[in-house]
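Each chain, letter by letter, is given below.
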2 protein chains.
Amino acid sequence: MPIKIAVLMESRPGEKRVALVPAVAEKLSKLGCSVSMLSGAGLASKLPDNAYNGVEIAGTEQHLLADADIVLAVQAPKASEIALLKPASILLSFIYPHKEPELTRLLCEKNITCFAMEQVPRISRAQAMDALSSQAALAGYYAALMGATTLSRILPMMTTAVGSIRPARCLVMGLGVAGLQALATARRLGAITEGYDVRPETKEQAESLGAKFVDTGVDARGEGGYARELTAQEKDKIASVVTRHIQQADIVITTAAIPGRPSPKLISKPQVDGMKLGAVIIDLAAEGGGNCEYSIPGETVTQGQVTIAAPLNVPSMLAEHASELYAKNLLNLLQLFVVDGAINLNWADEVLAKTVLTHNGEIKPEAVKTALAKH
Amino acid sequence: MPIKIAVLMESRPGEKRVALVPAVAEKLSKLGCSVSMLSGAGLASKLPDNAYNGVEIAGTEQHLLADADIVLAVQAPKASEIALLKPASILLSFIYPHKEPELTRLLCEKNITCFAMEQVPRISRAQAMDALSSQAALAGYYAALMGATTLSRILPMMTTAVGSIRPARCLVMGLGVAGLQALATARRLGAITEGYDVRPETKEQAESLGAKFVDTGVDARGEGGYARELTAQEKDKIASVVTRHIQQADIVITTAAIPGRPSPKLISKPQVDGMKLGAVIIDLAAEGGGNCEYSIPGETVTQGQVTIAAPLNVPSMLAEHASELYAKNLLNLLQLFVVDGAINLNWADEVLAKTVLTHNGEIKPEAVKTALAKH
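This is a predicted model, so every value here is computed, not measured.

Here we come to the packing of aromatic side chains. Residue and element names in this part refer to chain A. Applying the stated criterion to the full structure yields eight aromatic pairs over all chains. Geometrically, the ring pair formed by F94 and Y96 is stacked, given 6.0 Å between the ring centres and 15° between the ring planes. Across the ring face of Y96, the terminal group of K99 is positioned such that the distance to the ring centre comes to 4.9 Å.

Okay, structure coming up:
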């Protein structure tokens, strides 16, 4: 019996990605798996059913999930979908357990082994499975484009018959994968770019992309490649240096998201109020409430003459490539436990051990267990 | 008595530009002119009243226009505004007389000397007054950004932990000022770019921007820097070569606009139907009905899996810079007839003679006179 893999139809509002692309479907077949999905599951990613060679199109969700050994998804399945999963099957998906704690409980009740893609550890060996990074790179690129189309000025210097237009200034706050890609894209478009991050080691990375680094003298390196939370004093010190840079900028892109926690407020209301007329903020940390005090997640607001956009699920705007990278991340994780046509969960593997959310009816990460116990 | 210049408040839907920017206001003062405008006229271009040093804020439209010797505008004034103009005063504005023929008659009745900015001849001496070109450059830049944000793929090659993403293909049809700027911008973003135009001399220009030129073997050079209208045979020949390039592209940007005439249909419905899933067309010729048979001016439509955007008044999306360049174009034209604090219309000047639409109660360009007589 081959391992049966099912791909969920994404149904959350605005979600255009899909957890499987044709190239990955072929690799799964070669691994000895049979793959099935619902008709149209790839369409929002511009992937019609007939693009998926060798994938079976299931007639109903029930048929799709009833005997699936492994289920692939982008967003956390809904309770009604979890109810249809085969007991003790394996699920690979983004979960973010704090958002809908009841889902994690349902996964435990069903004995599902769930790998939460946002938990993939940030170690070299796991880079090819790091979906947060692959999606963040796309989000950073798109944020720069959003900034450019929202601004009523052009980014590059332009020499015309009536004189030169000066290039725009773009400040990127938070130089992780998304921030660096935003810097690179704004620079490609001809902007003068500045990068800012509390982790001093990002200076070199920003500079390698042609950006100036805003040095505030505060070191905020934290665990797991994320910035740690800052003290009030540190925040004040940073604010005083950064305010000047914010207020000189035409576009500010913020990317300081901490999975599972509220996004730090990097831009205060008074800072926005002192910005240039017509300036634009693109806040990529909207899922956690946003990095700007004026941000309203999912909306674009105008405050005075400043436009603040806080889009949700930005990778979905680039669904074709986002799905491609995500599906490859899933494949790489799956290959850690699908070997020679059989499932073999080796918990000595750090990547599996750190990514697993539920197994044998238990929530595995202590932090999640503690957090959900409070609900 | 100084020459009195009035700046109209733009009131057409979606128009964010303004005919005067602070730097030009200062120059007009130095030329010995007094300048007035209505409160808030620059606001949509991010220019508050207090940015305009030395400009008087008029209380009402009547006060603004009653004794103005020269009136500056972006879009053609409405009939109610023309009614308020001082008889025999001078108007500088885009007009496009075929759109609202009654406006040109009203200008004649009022004895207005109207310079229609779309008529500035395309000769070297007039480059600094060429508002069509200055606005087209901005539109071309914006079209490439629109293409990039509408496409659900990224433009540049990107190397990730799970492999490389191939760069997108962008075809630009019509290599005037807008088309070349679109090519340059798509290239900056990392796309593989191709340019196509019926005028063979554009080959070198496209190639200088890193684009491949689509050579169809048809020479369609026309008068005044515009492409001439093509025969059916020529169109067929072009279509057969171009179809292949259209159908390989991720983004197609079309820019073949002929002022005062319907835009040529460069992309047929069958050509669109054969395009790649998820491909995007940005049609910059929407004012004249569009270059694509599926285009609906002012709308974004989805046909099969192809998205066709035909935006109107694209320069207005970049209002700050569009106003800056346009105001400078106006200033340069104005300096041809405002000399030593006096107005002196020298009709021996080719630029003035070709740009004038109405003077002494008459429509001056023969073509316009003939066209409007038919109404």
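Time to look at the sheet that holds strand 9 (residues 169–173) of chain A. Residues and elements named next belong to chain A. Strand order in the open sheet formed by seven strands is 11-10-9-12-13-15-14, with mixed pairing between adjacent strands. Each of the sheet's edge strands pairs with one partner strand only, and the pair in question is strand 11 (212–214) and strand 14 (300–303). Going from strand to strand, the sheet's axes swing by 20° on average, the running direction of each strand aside. Judged from the four bridges that link them, strand 14 and strand 15 (residues 306–309) form a sheet pairing that is antiparallel. In the strand pairing of strand 15, T302 is matched with T307.

Looking now at the domain arrangement of chain A. Residues and elements named next belong to chain A. The domain architecture assigned to chain A consists of domain 1 (3–119 + 318–373) and domain 2 (136–312). Distance from the C-alpha centre of domain 1 to the C-alpha centre of domain 2: 33 Å. Contact residues are listed per partner, giving seven residues for domain 1 and six residues for domain 2. Roughly 500 Å² of surface becomes buried between domain 1 and domain 2 when both sides are summed, with 81% attributable to carbon and sulfur atoms. For the domain 1 face of the interface with domain 2, the top three residues by lost area are H98, K99 and L318, together amounting to 63%. Summed over the shared surface of domain 1 and domain 2, the result is zero salt bridges. Linking domain 1 to domain 2 there are zero residue pairs in polar contact (both at pLDDT 80 or more).

Cut-offs used in this document
- Residues numbered from 1 in each chain as written.
- Chains lettered and ligands numbered in written order.
- Predicted model: local features only at pLDDT ≥ 70, side-chain atom pairs only at ≥ 80, totals over all residues.
- Heavy atoms only, no water.
- Phe/Tyr/Trp six-rings, centres within 6.5 Å; stacked < 30°, edge-to-face > 60°.
- Lys NZ or Arg CZ within 6 Å of the ring centre and 35° of its normal.
- Pairing = 2+ DSSP bridges.
- Helix = DSSP H or I, 4+ residues; strand = E, 2+ residues; numbered from the N terminus.
- Axes fitted to C-alpha atoms, helices over the stretch in contact; angles between N-to-C directions.
- Domains from an automatic or database assignment.
- Contact = heavy atoms within 4.5 Å.
- Buried area = accessible area lost by both parts, 1.4 Å probe.
- Salt bridge = Lys/Arg side-chain N within 4 Å of Asp/Glu carboxyl O.
- Polar contact = N/O pair within 3.5 Å; in protein donor to acceptor, adjacent residues only side chain to side chain.

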